[in-house]
Amino acid sequence: MSEKTEESSGKNITFVISSFGKGSLQPDGNPDPFLGALKNSIKQIYADAKILVSCNGLSDPREVNAINKQIDIARDNCKFLKDSPGSLKLVTHYHAWRHIDTEWAVFLDSDMLLLKNIDQYLTDNTDYIFTWRKKDMTIRGEWPWLNAGTMICRNTPNVRAFWQKYYDLMWKHAMFNRGDQFAFVELLDGFNKKINYGKELFKLENNQTIEFVDHGIKFKTIHCDYLNRSAPFEPWLEETAIQHLKGIQGTIITKTDKENRYQVFLNNTLPSLSPERRKNLKKRIDLWKKFASEEIANGVIDL
């Protein structure tokens, strides 16, 4: 993995980071350990890009409070969103659109790092990029074939109209205990059927790009390995442009007490890791520490 700082590109981009509820920008909230690191990683590569933290970083406190109130009401009235609030990032992304005036918008979860320039994906024949993974939705209970942590969009009327439909459908799926990815799949029903609900994706190499047109939008889908990789125990992939610090990586960084996950990691998972898997996990945590503030980084275990 290169430590070299890459030069900013000429691309006109707004990076949108989801942040809502109590966090580093909210009174009495615990500091968000991811937000500063992600912003620093973006600035290292795109020094002049706009970074919009939605909704907690918006300039108008009335707007921040209104969006957070909307989210609180949704969680109070929907057990799925109360227990699994991940879909609510779509609310913050949706409201962010009113502040976007650049050609491109890159929507990210806060627990990510930008590691490489992504200009190669922002081509003239592309309007919307999402990341695919090998999931077979014909299996009962399986999650969709996309991970919505990264969405890269050209700022066009058709893309904005698609987001309105995506946002509206998210609420319907939440009432049936399904994440926002299911709303995305429903909107791309033709593509979903073409790939046989994900079964055809297992025939592809991970470096394969799929392109198609729907809703008047030129879609491009890239495997998660390149724009949305987690894989905490796997060997490092040099081509990864966006690292997603979810799962056990997030457990280590946040030291969450949810379901006693952090203590389970310390007492059970960590002692049983092979040297190779521990080395690969350490590489990701150390990378996050490089971008995080010293105070926050020093509070996280050294693997």
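Predicted model only: the values in this text are computed from it and were never measured. (Residues numbered from 1 in each chain as written. Predicted model: local features only at pLDDT ≥ 70, side-chain atom pairs only at ≥ 80, totals over all residues. Heavy atoms only, no water.)

**Student:** What is the right way to look at the overall build of the protein in this model?
**Tutor:** Of regular secondary structure, the protein possesses 12 helices and 9 strands. Over its C-alpha trace the protein gives a radius of gyration of 19 Å, about what one expects of a compact globule, namely 19 Å for 303 residues. Viewed in the frame of its principal axes, the protein has a C-alpha envelope of about 50 × 50 × 45 Å. When contacts within the protein are restricted to residue pairs at least 6 apart in sequence, those whose partners lie at least 24 apart make up 70%. Carbon and sulfur atoms provide 48% of the accessible area of the protein, an area that totals close to 14,300 Å². Averaging the locations of the 42 positively and 39 negatively charged side chains of the protein gives two centres separated by 3 Å. (Helix = DSSP H or I, 4+ residues; strand = E, 2+ residues; numbered from the N terminus. Rg over C-alpha atoms; globule rule 2.2 N^0.38 Å. Contact = heavy atoms within 4.5 Å. Areas by Shrake-Rupley, 256 points an atom, 1.4 Å probe, with all protein chains shown as cover. Lys, Arg positive; Asp, Glu negative; His and termini not counted. Charge placed at Lys NZ, Arg CZ, Asp CG, Glu CD.)

**Student:** Looking at this structure, how should I read the sheet that holds strand 8 (residues 217–223)?
**Tutor:** Hydrogen bonding along the main chain pairs the strands of a sheet, whether they run parallel or antiparallel. If you walk across this open sheet you meet the 7 strands as 2-1-3-6-5-8-7, and the pairing is mixed. Both outer strands of the open sheet, strand 2 (50–55) and strand 7 (210–214), are each paired with one neighbouring strand and no more. Sheet twist, expressed as the average angle between the axes of neighbouring strands with direction ignored, equals 25 degrees. Bridge analysis of strand 7 against strand 8 gives 5 bridges, and the strand direction is antiparallel. (Pairing = 2+ DSSP bridges. Axes fitted to C-alpha atoms, helices over the stretch in contact; angles between N-to-C directions.)

**Student:** Explain the side chain of Thr92 to me, please; I cannot follow it from the model alone.
**Tutor:** Note that Thr92 resides in helix 4 (residues 89–96). Since its relative accessible area comes to 0%, Thr92 is described here as buried. There is a polar contact of 2.8 Å between the side chain of Thr92 and the side chain of Ser18. With near-sequence residues (within four places) excluded, Thr92 lies in contact with Ser18, Ser19, Phe20, Ser54, Cys55 and Ile71. (Buried < 20%, exposed > 50% of the residue type's maximum accessible area, 1.4 Å probe, protein only. Polar contact = N/O pair within 3.5 Å; in protein donor to acceptor, adjacent residues only side chain to side chain.)

**Student:** For this particular structure, what's the right way to read the nonpolar core?
**Tutor:** If you look at soluble globular proteins, the nonpolar side chains tend to sit buried side by side. Membership of the largest hydrophobic core comes to 48 residues, with the highest contact counts inside it found for Tyr128, Phe130, Met151, Trp163, Tyr166 and Phe184. In terms of residues, this core owes the most to one element, helix 5 (residues 157–175), which gives 8 residues. Apart from residues lying up to four places away in sequence, Phe130 is in contact with Trp145, Leu146, Thr150, Met151, Phe184, Leu188, Phe191, Phe212, Phe219, Lys220, Thr221 and Ile222. (Core = buried A, V, L, I, M, F, W, Y, C linked by side-chain atoms within 4.5 Å.)

**Student:** Explain the confidence of the model for the protein to me, please; I cannot follow it from the model alone.
**Tutor:** Parts of the model with low pLDDT should not have their predicted coordinates read in detail. When pLDDT is averaged along the protein, the result is 93, and 94% of the positions lie at 70 or above. Counting interchain partners and residues more than four positions distant, the pLDDT-below-50 stretch residues 1–7 has 14 contacts. (pLDDT = per-residue confidence, 0-100.)

**Student:** Sorry, what's going on with unusual backbone geometry here?
**Tutor:** Negative phi is the rule for most residues except glycine; trans is the rule for most peptide bonds. Cis rather than trans, the peptide bond between Ser54 and Cys55 has omega equal to 10 degrees. Tracing the chain through its elements places Cys55 in strand 2. For His215, which is not glycine, the phi dihedral falls at a positive 55 degrees. Locating His215 in the fold gives a position in the loop between strand 7 and strand 8.

**Student:** Explain helix 11 (residues 275–291) to me, please; I cannot follow it from the model alone.
**Tutor:** For the α-helix, the turn length of 3.6 residues means that residues three or four positions removed from each other point alike. Under the 1.5 Å per step criterion, the end-to-end length of helix 11 is 25 Å for 17 residues, consistent within 8% with the ideal 24 Å. Of the residues making up helix 11, those classed as buried are Asn280, Leu281, Arg284, Ile285, Leu287, Trp288, Lys289 and Phe291. (Expected span 1.5 Å × (residues − 1).)

**Student:** Would you mind showing me how to read the packing of aromatic side chains here?
**Tutor:** Describing an aromatic ring pair means giving the distance of the ring centres and the angle of the ring planes. The tally for this structure, following the rule as stated, stands at 24 aromatic pairs. With a centroid separation of 5.4 Å and 50 degrees between ring planes, the pair formed by Phe15 and Tyr46 is classed as tilted. In this pair, Phe15 is assigned in strand 1 (residues 13–19) and Tyr46 in the loop between helix 1 (35–45) and strand 2, connecting sequence segments 31 residues apart. Like Tyr46, Phe15 is buried. Here Trp97 and Trp163 contribute two aromatic rings whose centre-to-centre distance is 6.1 Å and whose plane-to-plane angle is 65 degrees, an arrangement assigned as edge-to-face. Of the two residues, Trp97 is situated in the loop between helix 4 and strand 3 (104–108) and Trp163 in helix 5; the sequence distance between them amounts to 66 residues. For the residue pair Trp97 and Trp163, the accessibility class agrees, reading buried in each case. The structure contains a cluster of three or more aromatic residues connected by ring pairs, namely Trp97, Phe107, Tyr128, Phe130, Trp145, Phe162, Trp163, Tyr166, Phe184, Phe191, Phe212 and Phe219. The side chain of Arg277 reaches across the aromatic face of Phe233, ending 4.1 Å from its centre. (Phe/Tyr/Trp six-rings, centres within 6.5 Å; stacked < 30°, edge-to-face > 60°. Lys NZ or Arg CZ within 6 Å of the ring centre and 35° of its normal.)

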